[in-house]
Every structure is written in C-alpha cells, then in structure tokens.
Amino acid sequence: MKEHIEELLIQAFLHLKRDKIVPADCKIQPVVERTRSPEHGEFASNLAMVLTKQAKRPPKDLAKAIINRLPKSRQLEKTEIAGPGFINFFMNQMAMASTVKEVLRKEGSYGHQPTQPDRSVTLEFVSANPTGPLHVGHGRGAAYGASLACILQAAGYEVQREYYVNDHGRQMDILALSVWLRYLELCGEKVRFPKNGYQGEYVYEIARVVRNEHGDKWRFTELEVYDGAEPDEGEGGDAESHIDSLINKASDLMGHAGYLAFFNASLDQILGDIKNDLAEFGVEFDHWFSEVGLEESGALQHAIERLDKNGYLYVKDGATWFKASELGDEKDRVIVRENGRTTYFASDIAYLLNKLERGFDHAIYVWGADHHGYIARLSAAAKGLGEDPENIEFILLQFVALFRDGEKIQMSTRSGNFITLRQLRDEVSSDAARYFFVMRSHDQHLDFNLDLAKSRSNENPVYYIQYAHARICSVFKNLDQMDLRHNAAIGEAALDRLVEEHELGLMRSLSRYPEVIESSARARAPHSMAHYLHGLATDFHAYYNAHQFLVDDENLRNARLNLILAARMVLQDGLSMLGISAPEEM
RNA sequence: GCGCCCGUAGCUCAGUCGGAUAGAGCACCAGAUUCCUAAUCUGGGGGCCGCAGGUUCGAAUCCUGCCGGGCGCGCCA
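I will try to describe carefully the structure that is included in this document. Fair warning: this is a prediction, and the values are worked out from it, not measured in the lab.

The rules behind the values
Residues numbered from 1 in each chain as written. Chains lettered and ligands numbered in written order. Predicted model: local features only at pLDDT ≥ 70, side-chain atom pairs only at ≥ 80, totals over all residues. Heavy atoms only, no water. Pairing = 2+ DSSP bridges. Helix = DSSP H or I, 4+ residues; strand = E, 2+ residues; numbered from the N terminus. Axes fitted to C-alpha atoms, helices over the stretch in contact; angles between N-to-C directions. Contact = heavy atoms within 4.5 Å. Buried < 20%, exposed > 50% of the residue type's maximum accessible area, 1.4 Å probe, protein only. Phe/Tyr/Trp six-rings, centres within 6.5 Å; stacked < 30°, edge-to-face > 60°. Lys NZ or Arg CZ within 6 Å of the ring centre and 35° of its normal.

1. Thoughts on the sheet that holds strand β7 (residues 287-290)
So, point 1. Judged by pairing direction, the sheet is parallel, and its five strands sit side by side in the order β7-β6-β5-β11-β12 without closing on themselves. This sheet does not close on itself; its edge strands, each paired only once, are β7 and β12 (392-397). The sheet shows a mean angle of 25 degrees between the axes of neighbouring strands, direction not considered.
So, point 2. Here helix α13 (residues 373-384) sits on the sheet in contact with β11 (362-368) and β12, set at roughly 170 degrees to β12.

2. Remarks on the pairing of β12
So, point 1. Across the six residues of β12, six count as buried, placing the element largely inside the fold.
So, point 2. Of the two faces of β12, the one lined by I392, F394 and L396 and the one lined by E393, I395 and L397 are each fully buried.
So, point 3. As paired elements, β11 and β12 share six bridges and run parallel to each other. Bridge pairing in β12 links Y365 to F394.

3. Topic: the sheet that holds strand β15 (residues 446-449)
So, point 1. Across the sheet, which stays open at both edges, the three strands sit in the order β14-β13-β15 with mixed pairing between neighbours. Bordering the open sheet on either side are β14 (407-408) and β15, each of which pairs with just one other strand.
So, point 2. Sheet analysis places strand β13 (residues 400-404) next to β14, joined by two bridges and oriented antiparallel. Bridge pairing links R404 to E407 in β14.
So, point 3. Each of β13 and β15 is contacted by helix α15 (residues 430-438), which is oriented at about 155 degrees to β15, the strand it contacts most.

4. Thoughts on the packing of aromatic side chains
So, point 1. By the definition in use, this model includes 28 aromatic pairs.
So, point 2. Relative to F549, the ring of Y543 has its centre 4.8 Å away and its plane inclined at 50 degrees; by these criteria the two rings are tilted. For the residue pair Y543 and F549, the accessibility class agrees, reading buried in each case.
So, point 3. Against the face of F193 rests R182, its NZ or CZ located 3.6 Å from the ring centre.
So, point 4. Over the ring of F281 we find R434, and its NZ or CZ is 5.5 Å from the ring centre.

Set out below in structure tokens:
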C-alpha cells in the first residue's frame, strides 16, 4: 500500500518536471510516511515542502500542483493538503480490506520479501567462551541474534547464523586445570584451589565424568602438584603466573594425552551444554566455527600472509605487529607473540577473512558493550586485508541487570556467582525471557524485572500478546461448537462490511506489518517487532470487546472471521520471529 | 585522560530519513461482564524531551560545549 502511494508520487513528480514547475535536473526521493492519527489519513508526504526551494514556490501551491498530477487510483478515497504543506492520503475501505485478502492468500509469508541475491549475510552472535554455562548476558545476545536473523530473512536476506567457539587459548587451559584439580579432590587429594580458577559447581561435574571414565589414572599427590609451582596471589605471588605454572605442571605430570583428556572432556561437556541450552531457548545456529580449526586449516597463516603481503606487518621485540594505527586504530597490535604463539586477535582476523572468502556480502557481529574497543581493531584488520570495512557491521548490546523484589541482583562471573540462562528460563519461562530480552532497543541497558516476567497476570506483556492469539483460536472453537463453519470465500466477498472504527484500526495495523519487517530489519531492531505485536494485540482486544464476531448475519460473520484469522496469522508469524510460542489456549 | 553508549511522564521505555497537538506499559483515580476467555476493555490526571548555544520553513531527532550515569582503553581470552 505504501509502495502504491510512492509510485503515485513519482508519477506526479515526473509530470511536474515535464510541466517545468520544477527544474528537469531536480532529483528527490519522495518521503511517504504513516500519519500519526487517522485524522490525517493513512499516509503523508512532505514532497511539496522539500521541493519548495528548487521550485521557488510556496509549499501549498506545490502540493496543489502535485495533487492535480496524481494518477487515478482505485485505492484512494481522497487527498488533502494539511499543516505547512503535507499531502495526506486517505485510503478507501476497499484498499484497507484488501490487506485481509492478502494476508489470507499469503498465509505465513505475508509481509516477507523474497530472498535477494546480493543480500547474503553472516550473523555471528553469542560466541561465549566454552568455559562455563551461559549467563543472562549471553541470553540477551542469543535472543537478539536469533530474532534479528529471522527478521532479516523475512526482509529478504540470506542469513547464516554463526557461533565462534574459542576452543583454544589460555582460558581453556585454566578450565582444564580447574577440572583436573577438582578431579584430584574427588580422588581424595587435598588441593589449594587457585584464586583465578573456575569456581563453579559445574567444574566438579566434569571432573566426575572424567573420573567415572578413567578412574584414578591421573591422580597425583598434593606434594607432586605444587612442587616448584609459583605462589598464588594470597601467598605473596601473582595469580596469573601461579596458574600458568600449575598448567605446565599438569602437562608434565599427566603427559600430553592425559592433559588432552581433561581439556577435551571440558570442551565437549560445556559446549554440549551450551548447545543444548540454546536449543531449549529456541536459538539455532547454522555453523559452529572452531578457533582451533583456523589453525589446522591454515586459515590463520593465510590471513597473516595476506597482511604481510599488503605491507601491514613488522617485527619488534621478537613479536610480529600489525600496523593497526595506520588504519584507524589507536595503536599497533601484536599478532604473533614473542613466544611464537598467535594472539586471539590473529584468530579474529583469520576468521573475518574466512567469512568474506566464503562469499558473504556482509558480516554482522553482535557483541556485548564491553567489546566496543575491538571495533576499531577489527575494522583496521578488514582494511589491512584489503577488504571493504563497509561490509562489516558491529552491533553492541548493553548490559542486563536482573531485578527481584525491586532490588538489583549482583553478579560476577569469576566467583561463579551468576544467574545462568538456564536458571532464568526455568524461573520465568523461555517465552517470557525471549520477549523481555528483545523488548528494549539493543543500545539501552536492560532492566530485567523477574517478578514481572514470571507473573501470569495482566501486567505481563508476553501473555497479553499470546492471549490475543489464544482468544482468536477460541473464537473458532466456539464456531465449531455452534456447528458453523468459517467460509473464507463468503467472508472475502463481504469484506466491504468491515466499516467499524475497530475494524479499520485492525486492518491498518495489519497493513503496516510489511513495513515493520522492513524497518526492523534495516534498523537491526527486533524491539520494534515486539512493540508492533503488542500494538496489534491491543487493536484486537479492543475490537473483541467492542463487537461480537459470531453474529447471525452470515456475510458479516465470515468477513469478521477473515479479519481475525488474518490477525491470528500475523501474530503467529511475528511471535515466531521472536522465538515465542503462539498458544491456542491459555 | 581518551573513546563508545545512554539521559523523554512517579517507574520502565518507544519515537524510522528532521515534520503536524511528544506516545505506550506499569503505578494512581473512576467505570464496563445475562454476550466469542476479565490474562480483556473504556475514560482521566500526569512532560523544562538533562542544561546551554547553533544549523532551518520546522529540532526529542542533526552539530558544538557542559552536567549526570554505564562500559572500555593488555604480547588476556
């Protein structure tokens, strides 16, 4: 419908040029937007106002000239000039009702764009280190990324959902060590658990699994473990070097195979748990990308060579540096450390190159707000690789704070004192969690009210939307019990009977759906979809209270059923994009 | 210190590319059900859009400065 108005305006604009009212070289993109209130019709355009300067005529004259040149349209009731020079477009009832027809004809694909060939995108999100269970912050990333992926697909993008697995590096070593120490405890050894080790209860779980499988095969005494180790922070030493010395000790005592057993058991179990957790949250990935794989496949070397070939590498103090400062970053960055090991950043670069070489037009990264310092760095890397940084996009999610009984819950990852995504889902349900995570703009801090999210009451917006869907289903059940059938053909023929304010309002909301998909995809804003669905539910509930659907008049009844069926389809489709169920009864 | 994000009703937040009288939910007050689910609906009060300048036909929106809050600035991952 909006496109139709735009088309009319483009035609009128061409006529203006032909009639020399505006210069022939005048170029302008007419802006058509929804009006704020039906008093102003459905759509408004500011075309006359933006042409004022070039045409050297007052906006109202121009508006009149434009209206006189609009092609005839069967959808238009009338046009008006309003305010400082807006052209308001009033749609007729038939145009409004045609939305219902379109929704029913297209069913779940109403408002969806066909996949465009130049719109392939890789969307990376969550990518939490596999060193422990996902917490609520990851939950926001998961809900946001999964919803955005669906919305982008509906808007015509081909989307690959990726999770980058940091299965390499020091944090994994610390985890493997932590598991080994807990394993020794289970064997009956006394250990002094390091300050910077992973403290969570899940570490015992993994240790238990290893011990069940291998018994006391890798048991060593306290004396053997701590012999020659650096002192911990509380013992007058440095926490980091203490833990490094213990990691080395673990390898020495157990040998590579033994160490690997703990390393792999940790990775397998935690990654398995994460995958399971996300699946239960309705979040699926197309690709789990392993950091280790980057080294094994030679992608890491390939990326380093590319930077070198482009002249962006140099050696200083035994390390290999990337000239990031020449490409917009604040300083140069180490790629290969003095000890010969590559940095995490090197893997990031290799992964980026890999994404682009797989042929994606666009790469989106969804990160926590604490990562914003990496944007300049990775953009610099893109330039250094000879790629267009325009094709790489970073979305930062602000933090989540949980509130219970009006008080903020304090969390810290290191101490193992955090609320996991799984606990949150158990407490408030996946549906509520998915909605609450995306109900706010991604650049807003999120105050997550646990009491509200789990309340089964009218205060909870999730249930409000779901209830609208359930109510519609219920109407059709009642129809069944009255031994009546919904006849969509009769309904379609009688759509001109839908003239009540509430009906026009509901149809107006339905007609906006394609625009909502488009704009929330463009703005990377699943929250606008959430807001839209809430508004659609409001329109439906108001209609429900104001009018009876199951009336004796067969034509009117079927027309109304067509309308609410269309509403049901859009509610269902929109909820599914947000990963929220659409229950048939509540 | 430098960089990024935020500041809109009592609270939590929408507000698209600058557009008409700045909106929603919660809370508060007053009402609605012999009728398809009251997890619903109707009405009402409530605003220095952080502050000060600038850009223009027009600014919550763009620019500059300031104030307040959050986050980040490793040969860590």
